Amino acid sequence: MNTAQPIRNNEDLLCFMNYYRTIAPNSRNYLMMVMGLNTALRISDLLGLRWGDVYDSALEKYKVHLSLVERKTDKNSLILLNRNVTEALSVHMAQMQKRGRQVNPGDWLFENQKRPGNPISRIQAFRIVRKAAQDCHLEGVISCHSLRKTFGYYAWRQGVEPAMLMNLFNHSSFANTIRYLGIEQDDRDRVFRDIYQ
């Protein structure tokens, strides 16, 4: 199966999410991972973000919500920037300022270090995700899309209503959402694993 998978194990998720904070420190990469895992945005939407989308420079504070038009669906989305995201934004901003860089609203949030003034590419984002997955010894197909799927998988496990998950992912049916998150296979696996327990 070559379909991107969510990260289902809590310990694996912690290693993966914090890889660029503790194992191979890079505040930009850490922010990308945290935002992907906490906003359910597609990688194309993440890479299109600028500092002005998440930070109000006039008030010198992070915005409560991220407002954007999703590239794939052309639909408006309003996404709460939770504590995990604002902490990762703070870490990245502090690192930039430490290097003598001021944050401007028009600057790319995930700027390409080799080509300043440009965001990182989808290929580079994929390499960032794959490196963390490999070094954390994650099994299965882990790609940029795994960030979005992991968000949905954990939301489902926490009891988020099917209609809300469908809305978050812009799916037309709950069957699509179940298939998207790999939930059916998890349930099947549980039957086989727990049959005589």
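Read on for an overview of the structure.

Conventions used here
- Residues numbered from 1 in each chain as written.
- Predicted model: local features only at pLDDT ≥ 70, side-chain atom pairs only at ≥ 80, totals over all residues.
- Heavy atoms only, no water.
- Buried < 20%, exposed > 50% of the residue type's maximum accessible area, 1.4 Å probe, protein only.
- Helix = DSSP H or I, 4+ residues; strand = E, 2+ residues; numbered from the N terminus.
- Pairing = 2+ DSSP bridges.
- Patch = residues over 30% accessible without salt bridge, like charges linked within 9 Å, V, L, I, M, F, W, Y side chains within 5 Å.
- Areas by Shrake-Rupley, 256 points an atom, 1.4 Å probe, with all protein chains shown as cover.
- Salt bridge = Lys/Arg side-chain N within 4 Å of Asp/Glu carboxyl O.
- Phe/Tyr/Trp six-rings, centres within 6.5 Å; stacked < 30°, edge-to-face > 60°.
- Lys NZ or Arg CZ within 6 Å of the ring centre and 35° of its normal.

**Details of the pairing of strand β4 (residues 76–80)**
Piece 1. Burial of β4 is one-sided: the residues Ser77 and Ile79 facing one way are buried, the residues Asn76, Leu78 and Leu80 facing the other way are not.
Piece 2. With antiparallel pairing between neighbouring strands as the criterion, strand β3 (residues 65–69) and β4 make up a hairpin whose turn holds six residues, including aspartate 74 at a positive phi of roughly 60 degrees.

**Topic: a nonpolar patch on the surface**
Piece 1. On the surface, a nonpolar cluster with roughly 390 Å² of combined accessible area is contributed by Val191, Ile195 and Tyr196.
Piece 2. As for its placement among the helices and strands, valine 191 is situated in helix α10 (residues 183–194).
Piece 3. On the basis of relative accessibility, which here comes to 51%, the residue valine 191 falls in the exposed class.

**Side note on unusual backbone geometry**
Piece 1. Even without being glycine, alanine 40 reaches a positive phi, approximately 65 degrees.
Piece 2. By secondary structure assignment, the location of alanine 40 is in the loop between α2 (27–39) and α3 (43–47).
Piece 3. Even without a glycine there, the phi angle at asparagine 170 is positive, about 55 degrees.
Piece 4. Of note, asparagine 170 is situated in the loop between α8 (162–169) and α9 (174–181).
Piece 5. On the accessibility criterion, asparagine 170 (25% relative accessible area) is partly exposed.

**Remarks on the packing of aromatic side chains**
Piece 1. In total, this model carries five aromatic pairs according to the counting rule given.
Piece 2. When the ring of tyrosine 153 is compared with that of tyrosine 154, the centres are 5.8 Å apart and the planes differ by 75 degrees; the resulting orientation is edge-to-face. Tyrosine 154 matches tyrosine 153 in its accessibility class, with the two residues each being buried.
Piece 3. We classify tyrosine 153 as buried; its relative accessible area is 5%.
Piece 4. Lying across the ring of tyrosine 153, arginine 8 places its NZ or CZ 5.3 Å from the centre.
Piece 5. Above the ring of tyrosine 180, the side-chain terminus of lysine 149 is found at 5.0 Å from the ring centroid.

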